[in-house]
Amino acid sequence: MGRVLMWITIAAAGAGAWGVIALHRGETMNAAWLILAAVCSYLIAYRFYSRFLAHTVLGLDDTRITSAVRLANGRDYVPTPRWVLFGHHFAAIAGAGPLVGPVLAAQFGYLPGTIWLVVGVILGGAVQDFVILVGSMRRDGKSLGQLAKEEIGSVAGTLAMVAILAIMIILLAVLALVVVKALEDSPWGVFTILCTIPIAFGMGFWMKVWRPGQTVEASVAGVLLLMVALFAGKWVAASPALAPIFTLDGVTIAWGVIAYGFIASVIPVWMLLCPRDYLSTFMKIGTIAALALGILMTLPAIRLPAITRFADGSGPVFAGALFPFCFITIACGAISGFHALVASGTTPKMLERETDARPIGYGAMLMASFVAIMALIAASILEPGVYFAMNAPLATLGGSADAAVTTIREWGFTLVPGQMEALAASMGESSLLARTGGAPSLAVGMAQIFAGAFGQSLTAVWYHFAIMFEALFILTTVDTGTRVGRFMFQELAGHIWRPMARTSWYPATVLASAVVVGAWGWFLIQGVTDPLGGINSLWPLFGISNQLLAAVALSVGTTLLIRHGKAAHAWVTLLPLTWLLIVTTTACWQKLFHADPRIGFLSHASRISSDVVAGVLEPARGARLIFNDRINAALAAVFLIVTWTVVIASARVWLRRSPANGVPSPVPARAP
Amino acid sequence: MTISIRWARAVSAIRRITGMPDYSVYLAHHRANHCDQPPLSERDYFEQFLEQRYSGVSRCC
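Let me begin by describing the structure that accompanies this report. (Residues numbered from 1 in each chain as written. Chains lettered and ligands numbered in written order. Predicted model: local features only at pLDDT ≥ 70, side-chain atom pairs only at ≥ 80, totals over all residues.)

## A word on the overall build of chain A
Within chain A, the secondary structure is distributed over 27 helices and two strands. With the principal axes as the frame, chain A shows a C-alpha extent of 75 × 65 × 60 Å. When burial is assessed residue by residue, chain A has 57% of its 672 residues classed as buried. Here the analysis covers contacts within chain A between residues at least 6 apart in sequence; of these, 80% occur between residues at least 24 apart. (Helix = DSSP H or I, 4+ residues; strand = E, 2+ residues; numbered from the N terminus. Buried ≥ 20, exposed ≤ 12 C-beta atoms within 10 Å, placed from the backbone. Contact = placed C-beta atoms within 7 Å.)

Structure, rendered in structure tokens:
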């Protein structure tokens with residue numbers, strides 16, 4: 001009885017909070033309502049929907065021995081206590097995606113993003129992670145590509161691998177671009193991030209040579225040194241002799257990131273890649289916890305409108321209307337195809353009991369969604385004028401601080417002359433105008449929350465702490481992603497020329513690393529030199545690719561359910577799959593063929609060529625921009641074709657296996 | 001439970017959450033299943049673990 005009352009109270013509180021959000025009018029709204037609405041929705045979904053998934057759809061059964069127990073080897077197959085594994089899985093899935101996407105989507109206002117994050121995770125993202133985790137757990141921890149090959153067919157399997165590699169390339173390029181945009185002309189940020197490299201070498205030496213295996217103490221020492229570097233950065237930025245050395249333009253930083261990605265991928269992992277991974281994981285967990293604490297302590301006021309006028313597609317942060325682009329921009333946090341790779345990677349080999357998959361598969365994704373809600377809150381507490389002055393490209397703002405004031409006012413928001421300069425000074429930066437990419441505005445929001453909760457005098461330090469935290473784990477994604485991309489490329493290239501597949505052969509390693517770094521580096525340089533800032537065209541492409549990977553994962557999930565006698569419940573994956581196919585196909589189509597040159601790659605290319613003919617653009621630069629547009633268009637088309645091929649191949653399996661057709665499945669009855 | 005056991009458990013949990021190698025887990029597994037062979041040294045275990053962890057997708061964006 002008490003439990004029933006408790007759930008009725010939670011449901012009523014959640015419904016009440018959604019009601020307050022829906023009916024709210026006026027200048028500001030307290031962030032507590034967003035938190036209450038989201039958390040109550042998560043609790044209800046976890047208690048009821050994930051229980052239905054666990055018991056009825058997936059049939060989790062603790063009498064069945066998991067692969068972690070059966071194949072235990074003390075290395076990757078390790079039965080792990082439920083809450084430790086929850087932390088492990090959460091640390092693996094929560095990254096830059098759920099932090100940056102919601103900040104960019106805030107150009108539509110806080111409401112569309114909030115609704116999509118909550119509804120999307122409950123019915124889509126968490127279901128995908130859960131189903132794939134269980135599917136992989138019951139097949140000895142097989143990867144998504146292997147599952148696709150086994151369940152759908154070898155063509156689908158190979159296509160899935162090609163799609164994963166292509167998505168990695170775009171992901172690495174766009175995340176590297178976020179870092180470049182955050183560190184541009186920021187000596188404090190550049191110095192702190194550069195310090196992580198010698199710190200990582202020192203940690204590597206500590207845990208490999210000096211005290212083998214002592215990773216925890218090396219990491220604690222590393223985190224302490226990082227804090228020293230953070231404070232030293234302030235001094236460097238204030239020094240007239242040192243500041244110019246660390247004040248770098250975007251192209252220079254981009255080449256630095258490219259060189260870093262290549263070196264980290266070819267040298268032994270213990271030197272650079274692994275210690276930086278530990279540093280970033282410690283920082284990530286600590287900072288996310290601090291952010292949650294800070295938001296709860298300060299309960300800041302949301303200043304952004306619920307819905308802005310840019311829902312019509314005229315927005316300066318990225319082009320495109322609320323439908324479909326809100327659902328593309330926010331991928332991680334609502335549904336992220338990349339999670340399917342993690343859920344079919346290390347985690348399924350560590351599940352001690354089958355029922356542990358429910359908190360880890362479904363629960364950890366709800367937590368990741370909550371991180372995205374916090375990022376959305378951090379962006380929404382900025383004044384709308386400040387948010388748009390930071391996130392719109394300089395060309396759109398009019399080219400100068402004075403012009404920006406006029407432009408922002410024309411958009412219907414307020415910005416006082418000198419306001420951006422004062423804000424930049426308080427954050428220890430030279431300028432915050434047109435700092436696109438999402439990371440700087442998230443950092444300003446986080447700095448205001450931390451300053452409110454833990455001390456006003458340190459605002460500039462908090463800002464650079466937030467920038468360091470974002471750059472640190474994005475660069476860790478860049479180096480580990482490059483390494484994984486290298487292995488994938490070697491495997492695929494090995495089909496054509498066998499020696500390429502030998503991962504221990506140094507020339508093959510160097511060549512494959514160069515190919516992978518070259519591919520994402522090309523998109524990165526394209527983004528950095530783009531007059532509109534690059535995020536504009538690359539982030540939608542990343543969102544599309546991630547959502548299409550989710551469509552592939554949900555097709556695999558649906559196939560698992562149908563092939564193993566759960567066709568009646570296959571709607572749990574078919575529902576989000578249908579929505580994603582509608583959203584991504586529309587978005588792909590618009591990116592390819594939309595008449596507005598701000599949205600469509602091809603119409604942008606034809607606008608450029610008419611500019612060249614008219615003589616307003618020099619031909620060499622025009623030719624390069626047109627080439628970029630065509631590559632982007634080709635990539636969007638390839639994503640779309642690959643995904644639909646996998647979906648259609650899966651649908652053929654579904655129809656063949658469906659009991660309604662009277663064809664009994666040759667596979668022994670085994671739950672997915 | 002003594003403080004040293006609690007401490008060892010906490011460190012083991014941190015290691016597994018952050019994806020670090022945990023030699024004590026390996027040793028326990030080895031003792032239980034392969035007691036006829038000598039176990040790997042901590043250094044060799046560390047190297048093998050890293051090789052495995054960084055050859056597949058271990059994180060999201």
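## Thoughts on the nonpolar core
Residues and elements named next belong to chain A. Judged by nonpolar contacts, the single largest core of 250 residues is most densely connected at Ala173, Ala176 and Val179. Of the residues forming this core, the biggest block, 21 residues, is contributed by helix 8 (residues 154–183). The contact partners of Ala173, leaving out residues within four places of it in the chain, are Trp520, Phe523, Leu524, Gly527 and Leu538. (Core = buried A, V, L, I, M, F, W, Y, C linked by C-beta atoms within 7 Å.)

## Regarding the interface of chain B and chain A
Chain B puts 30 residues into the contact, and the matching count from chain A is 41 residues. Taken together, the elements giving at least two residues each to the side of chain B that touches chain A come down to helix 1 (3–17), helix 2 (23–33) and helix 3 (42–53) of chain B. Sorting elements by how many residues they give to the side of chain B that touches chain A places helix 3 of chain B first, with seven residues. Residue composition of the side of chain B that touches chain A, grouped by class: 16 nonpolar, nine polar and five charged. (Nonpolar A, V, L, I, M, F, W, Y, C, P; charged D, E, K, R; others polar.)

## Some details on the packing of helix 6 (residues 110–137) of chain A against helix 16 (residues 357–380) of chain A
All names here are of chain A. The N-to-C vectors of helix 6 and helix 16 enclose an angle of 155 degrees; their axes lie 8 Å apart at closest approach. As the angle between them shows, helix 6 and helix 16 are arranged roughly antiparallel. As for how helix 6 packs across helix 16, the hand of that crossing is right-handed. For the pair helix 6 and helix 16, contact is made by Tyr110, Gly113, Thr114, Leu117, Val121, Gly125, Ala126, Asp129, Phe130, Leu133, Val134 and Met137 and by Ala357, Ile360, Gly361, Tyr362, Met365, Leu366, Ser369, Ala372, Ile373, Leu376 and Ser380, respectively. Residue composition of the contact of helix 6 with helix 16, by class: 16 nonpolar, six polar and one charged. (Axes fitted to C-alpha atoms, helices over the stretch in contact; angles between N-to-C directions. Parallel < 35°, antiparallel > 145°, perpendicular 65-115°, else oblique. Left-handed = near helix turned anticlockwise from the far one by under 90°.)

## Side note on the packing of helix 10 (residues 215–238) of chain A against helix 13 (residues 273–298) of chain A
All names here are of chain A. Direction vectors running N to C along helix 10 and helix 13 enclose 70 degrees, while the axes themselves pass 9 Å from each other. As summarised for this structure, helix 10 and helix 13 are arranged roughly perpendicular, according to the angle between their axes. The two elements helix 10 and helix 13 cross, and the hand of that crossing is right-handed. Each of Thr215, Ala218, Ser219, Gly222, Val223 and Leu226 in helix 10 lies in contact with helix 13, whose residues at this interface are Pro275, Tyr278, Leu279, Phe282 and Met283. In the contact of helix 10 with helix 13, the residues fall into eight nonpolar, three polar and no charged.

## Side note on the environment of Met488 of chain A
Residues and elements named next belong to chain A. Relative to the helices and strands, Met488 resides in helix 22 (residues 459–494). Here Met488 falls in the buried class, since 20 other C-beta atoms lie within 10 Å of it. Not counting chain neighbours up to four residues away, the residues in contact with Met488 comprise Met161, Ile164 and Leu165.

## A closer look at helix 7 (residues 144–151) of chain A
Because the α-helix completes a turn every 3.6 residues, residues three or four places apart line up on one side. All names here are of chain A. Of all the eight residues making up helix 7, six are buried; the element is thus mostly covered by neighbouring parts of the structure. Regarding helix 7, the residues found buried are Leu144, Gly145, Leu147, Ala148, Lys149 and Glu151. Elements in contact with the buried residues of helix 7: helix 6, helix 8, helix 15 (337–343) and helix 24 (535–563). Backbone geometry just after helix 7 places Gly153 at a positive phi near 155 degrees.

## A closer look at the environment of Leu382 of chain A
All names here are of chain A. With respect to the helices, strands and loops of the structure, Leu382 is situated in the loop between helix 16 and helix 17 (384–391). For Leu382 and Ser441, which are 59 residues apart along the polypeptide, the C-alpha to C-alpha distance reads 8.1 Å. Leaving out residues up to four positions away in the same chain, Leu382 has contacts with Arg303, Tyr387, Ser441, Val444 and Gly445.

## Some words on unusual backbone geometry
Residues and elements named next belong to chain A. In this chain, Phe323 is followed by Pro324 through a cis amide linkage whose omega measures 5 degrees. Checked against the element boundaries, Pro324 lands in helix 14 (residues 322–329). A positive phi angle is found at Ala434, which is not glycine, with a value near 55 degrees.

## Thoughts on the environment of Ala357 of chain A
Residues and elements named next belong to chain A. With respect to the element layout, Ala357 can be found in helix 16. You can call Ala357 buried: it has 30 C-beta atoms within 10 Å. In this structure, the C-alpha to C-alpha distance between Ala357 and Val131, residues 226 residues apart in sequence, is 9.2 Å. For Ala357, the contacting residues outside a window of four places in its chain are Leu60, Phe130, Leu133, Val134, Met137 and Leu351.

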